[in-house]
Amino acid sequence: MPLADLPSPVLLVDRARLDANLDAMQVRADENGVALRPHVKTHKSVEIALRQRERGAVGLTVATVGEAEVFARFGFDDLCIARPLVGRDALARVATLLASKTRVTFCVDTLAGARQADAFFAERGQTADVLLEVDTGHGRTGIRWNDPDAPAFVRDLAELPALKLSGLLTHGGQVYGGPNEGETKQDALRRYASEERNRLLTFADMLGEANLLPYDATISLGSTPTLHAFENETSSYFAITEVRPGNYVFYDRQQVALGTTTLANCALTVRATVLSQHRTPTGGEMAYLDAGKKILTTDLGWGVRDHGQILHSPHTMKPLPHARIAGLSEEHGWVRVPGATTFDVGDTVRIVPNHACVTMATQDRFYVIERIGKDGEEVVGEWTVDARGA
């Protein structure tokens, strides 16, 4: 199928870059002696999850019960829901998955939430594996890594007959804060990765010394940026056993800004069309694309001031230096050009989005492309975003 026959705006995934990204992360996990349990919230695609499993992924990480249900229907039987679950609806759906012989783990980080889950599964004669979520600096959910009351919490958790503590989980999301002043990007990635690993192992040792955590426990961490600087180490009792990156399948402009990768590795682009262009009263021109908030998203983040990177060439992945996506409305991207625009109405442009995970979640499908010749591309697949809306 020629690109010109596709709708606009549309998501395109470069197959060679996707495969290279999948291969590289599996190699990195293998070199560090850890299991790779990729987070599928980034792509929500069964086709991509199958390719991750073929390369050696031990299971999948999901963000919601709905995502777990979708991937279980397609035969994925080892799933981690990487957040606490509260409420009868969510727990009932997990109970159904457990009854179907799907292994599902989820997080706990409060005694109130753990007791609710315990009572629910005890009523049904079921036992659920849970991971204690640990906050190693992100400041979201989880027990603080140096909380002196953590052993007491785990003793209370051990008294709950329908829950089995199978390990610890953390997400080093603080890495998205970027480098400190005067710190290089690579030094920042190494610092954040060491913090995430060392704090999680310190927490694990605290529980191990109190005989509150089995020595074969899952010790799980993960973010795409910290995994690029991750090196496994063994503490007094434990080592990291599992990693859960997600964004690495595509990468995006945020990852480029953080120094995790380069534009050349970004597999996901948005193809958009120029709808209109006008001179501005203050000089320069504005071009208007048919891609707005509903596909490019308003996410910015450290080091990112525009709403996507327009490319000069999707083959070379070189940026177009003179055009900025300065604003978004729902269905329009506002491209500011300081001089005269090189666009014509009806031209198409390719954009690396700021946040691939959110961009993918806005669409029902995406098209897989392959580079041919010097500048050519052809569509070689149409894949669905299977867990969209889940």
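Quick note: structure is the one above.
Remember, predicted model here, so these are calculated numbers, not experimental data. (Residues numbered from 1 in each chain as written. Predicted model: local features only at pLDDT ≥ 70, side-chain atom pairs only at ≥ 80, totals over all residues. Heavy atoms only, no water.)

A. Highlighting the overall build of the chain. Along the backbone of the chain there are eleven helices and 19 strands. Its C-alpha atoms give the chain a radius of gyration of 23 Å, near enough to 21 Å, the size a compact globule of 390 residues would have. Burial analysis of the chain (390 residues in total) assigns 55% to the buried set. Intrachain contacts of the chain at a sequence separation of at least 6 include 69% that bridge at least 24 residues. When the 41 basic and 50 acidic side-chain charges of the chain are each reduced to a single mean position, those positions are 3 Å apart. (Helix = DSSP H or I, 4+ residues; strand = E, 2+ residues; numbered from the N terminus. Rg over C-alpha atoms; globule rule 2.2 N^0.38 Å. Buried < 20%, exposed > 50% of the residue type's maximum accessible area, 1.4 Å probe, protein only. Contact = heavy atoms within 4.5 Å. Lys, Arg positive; Asp, Glu negative; His and termini not counted. Charge placed at Lys NZ, Arg CZ, Asp CG, Glu CD.)

B. Here's a closer look at the packing of helix H3 (residues 65-73) against helix H4 (residues 88-99). Running from amino to carboxyl end, H3 crosses H4 at an angle of 20°, the nearest separation of the two axes being 10 Å. Viewed along their axes, H3 and H4 adopt a mutual orientation that is roughly parallel. Crossing angle aside, the handedness with which H3 passes H4 is left-handed. On H4, the residues that touch Val 65, Gly 66, Ala 68, Glu 69 and Ala 72 of H3 are Ala 90, Arg 93, Val 94 and Leu 97. The residue makeup of the contact of H3 with H4, split by class, is six nonpolar, one polar and two charged. (Axes fitted to C-alpha atoms, helices over the stretch in contact; angles between N-to-C directions. Parallel < 35°, antiparallel > 145°, perpendicular 65-115°, else oblique. Left-handed = near helix turned anticlockwise from the far one by under 90°. Nonpolar A, V, L, I, M, F, W, Y, C, P; charged D, E, K, R; others polar.)

C. Fine view of the environment of Ala 152. Looking at where Ala 152 falls in the secondary structure, it is placed in helix H6 (residues 150-158). Along the backbone, Ala 152 and Leu 207 are 55 residues apart, and their C-alpha atoms lie at a distance of 9.8 Å.

D. Layout of unusual backbone geometry. Look at the link from Ser 8 to Pro 9: it is a cis peptide, with omega at 0°. Relative to the assigned elements, Pro 9 resides in the segment before strand S1 (10-14). Phi is positive for Asn 211, which is not a glycine, with a value near 55°. With respect to the secondary-structure elements, Asn 211 resides in the loop between helix H7 (185-209) and strand S9 (218-221). Here the phi dihedral of Met 317 falls at roughly 60°; this positive angle occurs in a residue that is not glycine. What makes Met 317 buried here is its relative accessible area of 3%.

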